[in-house]
Amino acid sequence: MAGRRTNLALLALLLLAFVTGGASWLIGSALVRWIVIAHGIVGLSIVVLAPWKRTIARRGVARRRPGTGTAIAFAVLIGTSIAAALVHVTGVVRSVGTFSPLGIHVATAIAAIVVGVAHVVRRPVRPRTTDLSRRNLLRSGAVLGAGAAGWLTLAGLLRATGARGGDRRMTGSFEAGSGVPTSMPVTQWLNDPVQELDPASWRLHVLDGVRNYSVDELAGFGDTLRATLDCTGGWFADQEWRGARLDRLLEGGEGESIVVRSVTGYSRRFPRSDASALLLATLVGGVPLSAGHGAPARLVAPGRRGFWWVKWVTAIDVGDEPWWWQPPFPLT
Ligand code: HEM
Ligand code: HEM
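What counts, and where the lines are drawn
Residues numbered from 1 in each chain as written. Chains lettered and ligands numbered in written order. Predicted model: local features only at pLDDT ≥ 70, side-chain atom pairs only at ≥ 80, totals over all residues. Heavy atoms only, no water. Helix = DSSP H or I, 4+ residues; strand = E, 2+ residues; numbered from the N terminus. Buried < 20%, exposed > 50% of the residue type's maximum accessible area, 1.4 Å probe, protein only. Contact = heavy atoms within 4.5 Å. Areas by Shrake-Rupley, 256 points an atom, 1.4 Å probe, with all protein chains shown as cover. Lys, Arg positive; Asp, Glu negative; His and termini not counted. Charge placed at Lys NZ, Arg CZ, Asp CG, Glu CD. 1 Å grid on protein atoms, 1.4 Å probe; cavity = no way out; pocket = protein on both sides within 12 Å on 5 of 7 lines; lining within 4 Å. Points joined across faces, edges and corners; volume = space filled by probe spheres on them. Nonpolar A, V, L, I, M, F, W, Y, C, P; charged D, E, K, R; others polar. Salt bridge = Lys/Arg side-chain N within 4 Å of Asp/Glu carboxyl O. Core = buried A, V, L, I, M, F, W, Y, C linked by side-chain atoms within 4.5 Å. Axes fitted to C-alpha atoms, helices over the stretch in contact; angles between N-to-C directions. Parallel < 35°, antiparallel > 145°, perpendicular 65-115°, else oblique. Left-handed = near helix turned anticlockwise from the far one by under 90°. Donors = N, O, S within 2.8 Å, 3.2 Å for Na, K, Ca; no water. Tetrahedral: all angles 85-135°; square planar, octahedral: opposite > 155°, others 65-115°. Near = heavy atom within 4 Å. Polar contact = N/O pair within 3.5 Å; in protein donor to acceptor, adjacent residues only side chain to side chain.

(A) Focus on the overall build of the protein. Within the protein, the regular secondary structure consists of eight helices and eleven strands. Based on the C-alpha atoms only, the size of the protein along its principal axes is roughly 70 × 45 × 35 Å. Looking at the 332 residues of the protein, the share that counts as buried comes to 40%. Taking the contacts inside the protein whose residues are at least 6 apart along the sequence as the reference set, 70% of them involve residues at least 24 apart. When the accessible surface of the protein is summed, it comes to about 17200 Å², and 63% of that surface belongs to carbon and sulfur atoms. With 36 positive and 21 negative side-chain charges, the protein shows a spacing of 25 Å between the two charge centroids.

Dropping the structure here:
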């Protein structure tokens with residue numbers, strides 16, 4: 001395959017990998033299964049093109065000009081990201097020091113965006129209309145087909161060998177501590193430190209503090225919900241949560257959206273119509289939440305990834321802004 005076409009194919013695959021990878025964290029419905037499969041096929045198609053890219057890279061390095069350092073840094077980041085993803089998928093190694101293979105995969109992929117943009121700017125490739133010819137589309141199909149064959153082979157091997165990776169949830173996460181809350185890992189989105197709050201003096205402020213609740217008052221609502229906490233760190237746990245449903249806490253509060261705030265300043269916004277599906281939990285598996293899991297009260301948001309399950313909740317309000325008026329992923 002000509003060098004130019006290989007580079008353009010890599011560009012398209014890298015963009016698709018970012019879009020499907022990001023979407024796999026944003027979408028909670030059953031559609032996520034197909035997004036995660038598409039992500040795997042796209043990622044493995046990049047591996048399929050590696051022999052062609054190696055020829056291009058060898059020729060490029062021999063030219064000795066500025067920009068080679070950037071190209072090599074990009075190659076190292078992408079290589080590490082794909083290797084970490086494959087380690088995650090097998091389930092054989094679950095942590096490298098304090099990092100999970102999935103965490104390394106996503107962190108190196110994000111770092112690769114910046115370096116990759118610099119690489120493509122320094123080594124531009126101009127698309128031509130003939131790139132969309134029937135023959136080239138067939139070639140692209142063949143690359144994706146080889147990626148899909150690789151994905152099926154990997155999935156088959158995981159099943160056949162009984163590797164832990166064969167039991168991943170549709171999001172790619174591994175089961176950890178279902179029904180046993182003390183066995184759930186403690187993870188935070190980016191940098192929020194674990195809060196040790198005094199349950200006796202803690203109060204939940206609702207609707208701008210018009211209503212205030214103690215832990216016992218919340219527990220008194222007695223609403224229960226079975227829901228799966230699926231962390232973007234790559235683990236999930238199914239638990240029974242108990243506390244107060246948000247439609248009961250917010251009765252009479254009018255607005256477009258609900259904002260749930262943590263004492264750390266972290267917050268997420270939800271559609272007002274979701275109130276009856278959301279629970280503010282004080283108990284999990286019949287016992288009070290631990291500090292690491294958000295005591296005295298955390299949000300339970302079924303069908304949404306862990307970063308929506310706000311911990312150490314201090315206030316719940318309704319507002320006129322639409323729920324999507326926030327960064328898709330929290331920035332702190
Ligand atoms: C998997 C992703 C990629 C990796 C790991 C990668 C890596 C490299 C490396 C190591 C080189 C040789 C060093 C140099 O020329 O200074 C190179 C060259 C080059 N790359 Fe990439 N690259 C990737 C994707 C792309 C993309 C998406 C484009 C453009 C759309 C591109 C365009 C080029 C060009 C034009 C050259 C120079 C080739 C030559 O001089 O003959 N690369 N790349
Ligand atoms: C340079 C961009 C990326 C590449 C090349 C890439 C590639 C890959 C590959 C090859 C796999 C293994 C798939 C399999 O065999 O099933 C994978 C898995 C995964 N990636 Fe990425 N990825 C990229 C970016 C991202 C981003 C930005 C995210 C999330 C924000 C992400 C999330 C995931 C997840 C959750 C899995 C696990 C899926 C599973 O267990 O089946 N990736 N990725």
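(B) Looking closely at the layout of surface pockets. Computed from the structure, the second largest pocket encloses a volume of approximately 1000 Å³. Along its surface, the second largest pocket is lined by 33 residues, and Asn7, Leu10, Lys53, Ala57 and His119 are the ones closest to its centre. A class-by-class count of the residues in the lining of the second largest pocket yields 19 nonpolar, six polar and eight charged.

(C) Highlighting the pattern of salt bridges. The final tally for this structure, using the stated rule, is eight salt bridges. Close ionic contact of Arg4 with Asp131 constitutes a salt bridge, the shortest N to O distance being 2.7 Å. Here Arg4, found in helix α1 (residues 3–26), pairs with Asp131, found in the loop between α5 (101–122) and α6 (134–161); they are 127 residues apart in sequence, far enough to count as distant. With a relative accessible area of 15%, Asp131 lands in the buried category. Measuring nitrogen to oxygen at the nearest pair gives 3.2 Å for the salt bridge that ties Arg305 to Asp230. Linking Arg305 in the loop between β10 (298–300) and β11 (313–319) with Asp230 in strand β4 (residues 223–231), this pair joins segments that are 75 residues apart in sequence.

(D) Broad picture of the nonpolar core. Grouped together as the largest cluster of nonpolar side chains are 43 residues, with contacts concentrated most on Leu204, Trp241, Leu246 and Ile316. Leu10, Ile46, Leu77 and Val115 belong to the second largest nonpolar core, which has 13 residues in total.

(E) Seen up close, the packing of α1 against helix α2 (residues 32–48). One way to put it is that α1 packs onto α2 with a least axis distance of 9 Å and a crossing angle of 150°. Relative to α2, the element α1 is oriented roughly antiparallel. The two elements α1 and α2 meet at a crossing, and its hand is left-handed. On α2, the residues that touch Leu10, Leu13, Leu14, Leu16, Ala17, Thr20, Gly21, Ala23 and Ser24 of α1 are Val32, Ile35, Val36, Ala38, His39, Val42, Ser45 and Ile46.

(F) View of the coordination of the iron atom of ligand 1. Protein-derived coordination of the iron atom of ligand 1 comes from Lys53 (NZ) and His119 (NE2), at a distance range of 2.1 Å. Every donor counted, the six donor atoms about the iron atom of ligand 1 form angles of 85 to 179° at the centre, which fits octahedral coordination. Taken as a pair, Lys53 in helix α3 (residues 50–62) and His119 in helix α5 lie far apart in primary sequence, 66 residues in all. Judged by relative accessible area, which is 24%, Lys53 ranks as partly exposed. Exposure remark for His119: the relative accessible area of 14% places this residue in the buried category.

(G) Summary view of the site of ligand 2. Lining the immediate surroundings of ligand 2 are 25 residues, of which His39, His105, Leu154, Arg168 and Gly172 lie closest. With respect to ligand 2, the side chain of His39 contributes an N or O atom lying 2.8 Å from a nitrogen atom. In this structure, an oxygen atom belonging to ligand 2 sits 3.4 Å away from a side-chain N or O atom of Trp151. Secondary-structure elements contributing two or more residues to the shell around ligand 2 are α1, α2, α4 (68–90), α5 and α6. For the shell around ligand 2, a count of residues per class yields 16 nonpolar, eight polar and one charged.

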